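Structural description and commentary
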Amino acid sequence: MIIDCHGHYTTAPKALQDYRDAQIAALKDPAQPPYDGRIDISDDQIRESLEGAQLKLQRERGTDVTIFSPRASAMAHHVGDARTSLNWSRRCNDLIHRVCTLYPDNFVGVCQLPQSPGVPPGNSIEELERCVNEFGFIGCNLNPDPSGGHWTAPPLIDKYWYPIYEKMVELDVPAMVHVSSSCNPVFHATGAHYINADTTAFMQFIQGDLFKDFPTLRFIIPHGGGAVPFHWGRYRGLAQDMKRPILEEHVLKNVFFDTCVYHLPGIELLLKVIPVDNILFGSEMVGAVRGIDPRTGQYYDDTKRYVDALPLTDADRYKLFEGNARRVYPRIAKKLKATSK
Ligand SMILES: [Zn+2]
């Protein structure tokens, strides 16, 4: 089986964005109560939004299941306040649940958290519990920078974040460290802010004792781990100079990378540098980079093609495509057992 650990509902029906637009418009007039209108989306509209996109690509590329969450760039936790974020997150998560219910063989849910700048992360516990316990979601996306590019929250190793970690451990769900859009023009969202955040999160994990306090807490750092694999010697050396444990005995027990690197040499480097036990197959397809590489004639985000080109053993191939995802997202077993897969 091939599990794609990184997919977002980037093709959701327009009514979802209409809701968001109305919500944002209402924020402009403080006299108005927070907008929380209905979203009318039929099952057929959901089918239509996926059949020509993620489902078509799953079939064409030969992947089986996508771990699926709301569109990351649209989380925009910096918009409005905690109430805005909660209403928006609930709508987005409800829609993911409908997708997973319509296509239980193809999608397993991961939730957006109703984070908001300056609001303690424990505020997101209720929505995480709702999604895991009521919908059967298997993880969450955690935004290390709800301010959208201004980095006003404490680092991920700070006790500020502990309440949400306690809940993640209790529910046995991992988080993908995933920022959203950037409201700081310095940072292009997917070209700079995302990769910065991936790199930043990894360095933060080196700096603290988070995994001593939470030995079973698990994070996926997407986009191939940002700049980390390319600069692995730097991180190993920094850990050494800072008298931190070596990476293999510390951060790598709890932190995993995906394969959302959109060229073969990048995937080759990833596999050469990072232990295969720490790499999960992911494509983030229909995401940040949707074009075709003129050099290869293939989609940049067809990451399976790159992995297939590597001389992996059957055992390593299994880990990368399925085994590691089952280990990092243990709740997926129940979901897959419930379907024909
Ligand atoms: Zn993503």
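Preceding this paragraph is the structure being described.
Presented here is an overview of the structure given in this document. This one's a predicted model, so the numbers in the text were calculated from it and none came from an experiment. (Residues numbered from 1 in each chain as written. Predicted model: local features only at pLDDT ≥ 70, side-chain atom pairs only at ≥ 80, totals over all residues. Heavy atoms only, no water.)

For the zinc ion, the full set of protein donor atoms is His6 (NE2), His8 (NE2), His178 (NE2) and Glu284 (OE), at a range of 2.0 to 2.1 Å. Along the chain, the residues donating to the zinc ion fall in the pattern H-x1-H-x169-H-x105-E. Here His178 is found in the loop between β6 (175-177) and α7 (189-207), whereas its partner Glu284 is found in the loop between β9 (279-280) and β10 (292-293), with 106 residues between them in sequence. The exposure class assigned to His178 is buried, which follows from its relative accessible area of 0%. (Donors = N, O, S within 2.8 Å, 3.2 Å for Na, K, Ca; no water. Helix = DSSP H or I, 4+ residues; strand = E, 2+ residues; numbered from the N terminus. Buried < 20%, exposed > 50% of the residue type's maximum accessible area, 1.4 Å probe, protein only.)

As a packed pair, helix α2 (residues 43-51) and helix α3 (residues 54-61) sit with axes 5 Å apart at the nearest point and diverge in direction by 40 degrees. For the element pair α2 / α3, the angle class is oblique. Where α2 abuts α3, its residues Ser49, Leu50 and Glu51 lie against Gln54, Leu55, Lys56 and Arg59. (Axes fitted to C-alpha atoms, helices over the stretch in contact; angles between N-to-C directions. Parallel < 35°, antiparallel > 145°, perpendicular 65-115°, else oblique. Contact = heavy atoms within 4.5 Å.)

A few words on empty space enclosed by the protein. Counted by the stated rule, this structure contains three cavities of 30 Å³ or more. Volume-wise, the largest cavity comes out at about 50 Å³. Lining the largest cavity are Cys5, His6, Gly7, His8, Ile67, Ser69, Val110, Asn141, Met176 and Tyr329. Every element with two or more residues in the lining of the largest cavity is listed here: β1 (3-9) and β2 (65-70). With four residues, β1 is the single largest residue contributor to the lining of the largest cavity. By residue class, the composition of the lining of the largest cavity is five nonpolar, five polar and no charged. (1 Å grid on protein atoms, 1.4 Å probe; cavity = no way out; pocket = protein on both sides within 12 Å on 5 of 7 lines; lining within 4 Å. Points joined across faces, edges and corners; volume = space filled by probe spheres on them. Nonpolar A, V, L, I, M, F, W, Y, C, P; charged D, E, K, R; others polar.)

Before going further, it helps to examine the sheet that holds β1. Overall, parallel pairing links the three strands, which are arranged β1-β2-β3 in an open sheet. The open sheet has two edge strands, β1 and β3 (107-109), and neither has a second partner. Neighbouring strand axes in the sheet, compared pairwise and without regard to direction, differ in orientation by 35 degrees on average. Of the pairings in the sheet, the one linking β2 to β3 comprises three bridges and is parallel in character. Looking at β3, one finds that Ile67 is bridged to Val108. Running at roughly 160 degrees to β2, helix α4 (residues 82-102) makes contact with β1, β2 and β3 of the sheet. (Pairing = 2+ DSSP bridges.)

Here the focus is the environment of Asp301. Structurally, the position occupied by Asp301 is in the loop between β11 (298-299) and α11 (303-308). The exposure class of Asp301 is buried, given its relative accessible area of 3%. Asp301 sits 14 residues away from Gly287 along the chain, and the two C-alpha atoms are 8.1 Å apart. When neighbours within four sequence positions are excluded, Asp301 is seen to be in contact with Arg61, Tyr262, Ser283, Glu284, Met285, Val286, Gly287 and Val289. Within polar-contact distance, the side chain of Asp301 engages the side chain of Arg61 at 2.9 Å. (Polar contact = N/O pair within 3.5 Å; in protein donor to acceptor, adjacent residues only side chain to side chain.)

This part covers the packing of aromatic side chains. Applying the stated criterion to the full structure yields 18 aromatic pairs. Taking 5.9 Å as the distance between ring centres and 80 degrees as the angle between the ring planes, the aromatic pair formed by Tyr165 and Phe214 counts as edge-to-face. Of this pair, Tyr165 sits in helix α6 (residues 162-171) while Phe214 sits in the loop between α8 (210-213) and β7 (219-221), and the two are 49 residues apart along the sequence. Each member of the pair, Tyr165 together with Phe214, is buried. Each member of the aromatic cluster is reached from another via a ring pair, and the members are Tyr162, Tyr165, Phe205, Phe211, Phe214 and Phe219. (Phe/Tyr/Trp six-rings, centres within 6.5 Å; stacked < 30°, edge-to-face > 60°.)

This brings us to the pattern of salt bridges. Applying the stated rule across the entire model yields 22 salt bridges. With its nearest N and O atoms 2.9 Å apart, the salt bridge here joins Arg130 to Asp94. Of the two residues, Arg130 is situated in helix α5 (residues 125-134) and Asp94 in helix α4; the sequence distance between them amounts to 36 residues. The class of Arg130 is buried, set by a relative accessible area of 10%. The closest approach of N and O atoms between Glu127 and Arg130, which form a salt bridge, is 2.8 Å. Note that Glu127 and Arg130 are positioned in helix α5 at a spacing of three residues, about one turn of the helix. (Salt bridge = Lys/Arg side-chain N within 4 Å of Asp/Glu carboxyl O.)

A word on the side chain of Gln112. Note that Gln112 resides in strand β4 (residues 111-112). Polar side-chain contacts of Gln112 include one of 3.2 Å to the side chain of Ser89. Contacts of Gln112, omitting those with residues within four sequence positions, involve Pro70, Met75, His77, Trp88, Ser89, Cys92, Asn93 and Glu127.

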